[in-house]
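Listed below, chain by chain, are the residues.
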Amino acid sequence: MLTKLAGGRIYDPAQGRDGEVGDLFVRDGRIVADPGTEPDETIDLSGKVVMAGAIDIHSHIAGGKVNLARLLMAEEHRAEPVTAEGLCRCGGGVATPSTHVTGCRYAQMGYTAAFEPAMLASNARHAHLEMADIPLIDTGGYLVLGNDDLFLELLASGAGEAAIADYVGWMLTATRSLAVKSVNPGGINAFKYNQRKLDVDAVGPFHAITPRRILAALAAAVRRLGVPHPLHLHGFNLGVPGNVEATLDSIAAVDGLPLHLTHVQFHAYGTEGDRRFSSAATQIAEMVNRTPTLSIDVGQIMFGQTVTASADTMAQMGNAGHAHPKKWAVMDIECDAGCGVVPFRYRDKAFVNALQWAIGLELFLLVTDPWRIFLTTDHPNGAPFTSYPELIRLLMDRDYRLAKLAELHPDVPAHCILPSLAREYTLGEIATMTRAAPARSLGLKDRGHLGPGAAADVVVYTDRPDRRAMFETPDLVFKDGRLIVRDGVMVALAAGRTHVVEPGHDPAIEAWIDRRFEARMGQKLAHFRISADEIRDGDGLVRHDCRPGAF
Amino acid sequence: MTGLVLTAREAGGPPIDLTGVLPERLADGGVAALPVIRGRERVRLDELFELRDGGPSGTLILRPNGAVLDNVGAGMAAGEIVVEGHCGDNAGAGMRGGALLIEGDCGAFAAAEMAGGRLRVAGAAGDFLGAPLAGSPRGMRGGSVFVGRAGDRAGERMRRGLIAVQGDVGGWCGARMIAGSIVVGGEAGAGLGSAMRRGSILLARDPAEPTPGFADGGEHELLFLELMRRDLMAAGAWPMEFPPAGIRARRLIGDRTVGGLGELLVLSYT
């Protein structure tokens with residue numbers, strides 16, 4: 001069946017289209033070039049804004065810590081129930097919604113993909129089962145490495161770049177991951193030896209290696225394997241005033257190799273001013289602007305109740321005293337990394353929270369290239385993903401932004417440069433940072449654009465001056481060519497896919513890994529490895545090319 | 001003006017969630033059209049129940065007829081509900097005022113996080129009577145609950161209020177209790193008062209499985225016991241059998257493992 005989406009204003013940065021009126025043709029779930037034949041169905045989109053389905057590059061939607069957060073915050077599932085009568089199955093919640101509600105709320109905002117950025121190897125099977133249960137959106141996971149004992153032992157024993165790349169490649173394939181993430185490299189391991197702080201050049205306990213070495217080794221392995229997405233780094237000293245130094249150090253540590261810094265807002269703090277807490281967004285943005293191999297996502301905070309969930313036990317142990325409501329959990333996970341869940345309420349009248357909000361927006365407005373900065377709230381750590389439309393409005397509407405700033409703690413404007421930033425994002429830039437750029441960064445060739453061959457994930461908006469209302473309720477959302485949302489209401493369910501990479505590596509590494517599993521781990525290697533048949537019942541795995549050494 | 005009698009049209013079937021069907025809604029009219037959830041579907045109240053006037057004003061009389069009714073009286077603030085049969089889970093959960101009388105048994109989480117009012121269950125209550133709902137740090141914080149028997153974790157994390165159980169309670173009664181009073185007329189299971197901070201648990205007999213962490217604080221004559229007995233007898237809820245003159249109590253203080261100063265009071269009569 002051929003469907004013509006006629007006469008919309010198409011924002012497709014990957015194809016260089018910035019609001020030109022044009023037609024799209026959809027056949028069998030794919031965008032096709034104008035076939036010159038009469039379409040079976042024509043949908044008139046004159047005056048409407050048309051974009052590809054949005055992609056969330058960093059959103060904690062599945063895995064151990066998300067479930068722990070759901071258990072800990074059971075009261076928010078009671079407070080926001082979703083009953084079973086509609087398409088979305090019963091569930092609920094805000095900061096960590098149930099699987100079906102996650103998929104539905106994403107789709108209702110025009111998102112057709114979201115990626116779980118902290119999948120622990122030993123939790124990967126569970127994370128995949130859970131992601132497969134999220135309807136309507138494509139998913140994938142980034143494998144957390146850099147604190148796992150096997151990797152640290154390999155590095156400490158002086159293994160070469162090739163052996164480390166083989167280990168990383170084997171792990172990526174075995175856990176069906178899309179990219180490599182590192183969380184406070186070395187820090188989570190040091191925490192287990194009672195350390196509460198670890199800087200980039202501090203020698204860690206037991207294995208006696210520095211985070212700098214871990215970072216350099218992982219970034220090199222990612223390049224050697226040709227994984228499209230650069231090393232996805234959750235940096236050092238999250239949330240600690242003055243951590244900008246460590247953030248800049250970690251950029252230097254990879255020595256020019258591609259790097260993605262995640263939720264940078266939490267890593268862009270200085271110690272200036274009376275309160276010893278200040279914005280370092282300018283320094284970070286300058287570094288991003290002059291380093292073409294560097295990309296970031298912001299991790300904007302928005303005010304209200306949420307729950308923070310992270311593998312960074314070191315940071316979460318430090319945050320536990322701020323838990324609201326007063327309950328939290330920090331635990332080790334199978335020697336892989338860790339897990340810390342701390343509920344938190346960001347308050348607009350609190351100086352620190354209000355300045356965090358301003359720092360995030362400064363980063364958005366100061367980084368000039370929308371291809372290297374992505375729109376995230378580090379869901380649910382900065383705010384639930386449902387606050388994206390409000391965030392888009394803040395970026396696109398300066399007057400609104402200044403009005404909001406005026407409502408915050410009165411000392412904040414004097415501590416940041418946000419009032420002087422006049423930039424307003426354009427629709428084209430929003431389409432870049434939420435569609436084209438994440439797809440390119442992750443190596444998803446057929447997502448995030450509307451050129452021939454792309455998956456027909458298409459979103460149609462009414463161009464409204466209130467950008468929040470516009471992005472909150474798209475007119476139409478298509479997933480693989482199928483209409484799933486009309487006027488913000490679910491009309492059909494569809495299954496997403498799981499995106500993975502399978503980088504080539506020397507299989508000989510398996511014997512070494514097997515011996516370590518036998519000696520130390522809680523499960524056998526054969527059980528640990530996830531077969532392709534296990535992902536979405538063997539249907540829905542999308543493998544992306546790796547290009548070894550190609551940067 | 002009279003009350004309202006709701007008679008379930010069908011026995012059995014999926015559980016019916018009666019959230020929002022409360023005596024305070026009677027005055028508004030439109031009760032018949034209130035939305036309720038049965039299993040996966042949302043339906044009008046009058047599709048599931050036959051409605052007719054009856055009973056005193058401000059009273060809702062439910063005849064479950066074998067249907068499973070959840071959330072009966074949950075969050076109620078005033079008026080009276082009488083259930084002529086059994087209830088499902090969450091009966092009177094979050095109740096703030098009024099009275100809920102269940103003539104049969106009820107399921108788990110009855111009076112969970114109750115803040116005021118009175119719940120009376122003639123038969124047995126399930127687990128988590130007066131306990132917190134999942135995710136909350138505190139259980140019952142006011143009101144009174146009178147039940148025939150209770151399951152595990154009655155009065156868990158209780159903050160204030162009174163639970164009087166005529167017969168036996170299950171394990172972990174009053175566990176992590178913060179304050180408030182529990183009276184048990186029958187046997188109490190293991191873990192009684194475990195990790196309790198404050199509050200009083202009155203027992204008609206020695207605990208069969210004493211919880212470690214309680215220190216013997218001697219025998220006392222306590223004036224409040226006599227006052228409590230009179231009050232509960234007036235309410236028909238004093239669980240001990242023999243008519244008393246002069247109650248004495250052996251006081252066990254704990255749970256000392258968490259630095260608690262709660263008390264288990266084992267009653268005897270002179």
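**A short note on the state of the cysteines**
A full pass over the atoms with the stated rule returns one disulfide over all chains. Each sulfur in the disulfide pair Cys88 of chain A and Cys104 of chain A lies 1.8 Å from the other. The disulfide joining Cys88 of chain A to Cys104 of chain A has a torsion of about -115 degrees about its S-S bond and is therefore left-handed. Within this pair, whereas Cys88 of chain A is found in the loop between strand 7 (81-82) and strand 8 (91-92), its partner Cys104 of chain A is found in helix 3 (residues 99-108), the two being separated by 16 residues in sequence. A residue is classified by how much of its surface remains accessible, and Cys88 of chain A, at 12% relative accessible area, is buried. Here Cys104 of chain A falls in the buried class, since its relative accessible area comes to 2%. Between Cys90 of chain A, a free cysteine, and Cys88 of chain A, which holds the nearest cysteine sulfur, the sulfur-to-sulfur gap is 11 Å. Judged by its relative accessible area of 52%, Cys90 of chain A falls in the exposed class. With no disulfide of its own, Cys106 of chain B lies closest to Cys87 of chain B among cysteine sulfurs, the gap being 6.6 Å. Classification of Cys106 of chain B by relative accessible area gives buried; the value is 7%.

**Focus: the pairing of strand 12 (residues 160-165) of chain B**
Residues and elements named next belong to chain B. Counting buried residues along strand 12, five of its six residues qualify, which places the element largely inside the surrounding structure. Where strand 12 and strand 13 (residues 181-184) come together, four bridges link them in parallel fashion. Across the sheet, the residue bridging to Val165 is Val184, located in strand 13.

**A look at the sheet that holds strand 18 (residues 304-310) of chain A**
All names here are of chain A. Strand order across the open sheet formed by three strands is 18-20-19, with antiparallel pairing between neighbours. The open sheet has two edge strands, strand 18 and strand 19 (329-333), and neither has a second partner. Strand-to-strand twist in this sheet, taken as the mean axis angle between neighbours without regard to direction, amounts to 15 degrees. Both strand 19 and strand 20 (residues 337-346) contribute to a ladder of five bridges, which runs antiparallel.

**As for the domain arrangement of chain B**
Residues and elements named next belong to chain B. Domain annotation of chain B identifies domain 1 (1-60) and domain 2 (71-269). Just the C-alpha atoms count here: the centres of domain 1 and domain 2 sit 30 Å apart. Listed as interface residues are ten residues of domain 1 and, on the opposing side, twelve residues of domain 2. Among the residues of domain 1 in contact with domain 2, Leu22, Glu24 and Leu60 are the three that bury the most area, contributing 45% of the side total. Where domain 1 meets domain 2, there are zero salt bridges. Connecting domain 1 to domain 2 are six residue pairs in polar contact (both at pLDDT 80 or more).

**Let's talk about the side chain of His77 of chain A**
Tracing the sequence through the fold places His77 of chain A in helix 2 (residues 74-79). Overall, His77 of chain A belongs to the buried group, its relative accessible area being 19%.

**A short note on the confidence of the model for chain B**
Residues and elements named next belong to chain B. Within chain B, residue pLDDT values average 93, and 98% of them lie at 70 or more. Confidence, read as mean pLDDT per element, is least for helix 2 (residues 223-234) in chain B (89) and greatest for strand 9 (residues 99-102) (98). Confidence estimates for the predicted assembly give a pTM of 0.92 and an ipTM of 0.81.

**Looking at the pattern of salt bridges**
One pass over the full model with this rule turns up 52 salt bridges over all chains. Notably, a salt bridge pairs Arg212 of chain A with Asp201 of chain A, separated by 2.5 Å at the nearest N-O pair. Linking Arg212 of chain A in helix 8 (residues 211-225) with Asp201 of chain A in the loop between helix 7 (187-191) and helix 8, this pair joins segments that are eleven residues apart in sequence. Taking relative accessible area as the criterion, Arg212 of chain A reaches 27% and is therefore assigned partly exposed. A salt bridge links Arg250 of chain B to Asp206 of chain B, with the nearest nitrogen and oxygen atoms 2.9 Å apart.

Calculation rules
Residues numbered from 1 in each chain as written. Chains lettered and ligands numbered in written order. Predicted model: local features only at pLDDT ≥ 70, side-chain atom pairs only at ≥ 80, totals over all residues. Heavy atoms only, no water. Disulfide = S-S within 2.5 Å. Helix = DSSP H or I, 4+ residues; strand = E, 2+ residues; numbered from the N terminus. Buried < 20%, exposed > 50% of the residue type's maximum accessible area, 1.4 Å probe, protein only. Pairing = 2+ DSSP bridges. Axes fitted to C-alpha atoms, helices over the stretch in contact; angles between N-to-C directions. Domains from an automatic or database assignment. Contact = heavy atoms within 4.5 Å. Buried area = accessible area lost by both parts, 1.4 Å probe. Salt bridge = Lys/Arg side-chain N within 4 Å of Asp/Glu carboxyl O. Polar contact = N/O pair within 3.5 Å; in protein donor to acceptor, adjacent residues only side chain to side chain. pLDDT = per-residue confidence, 0-100.

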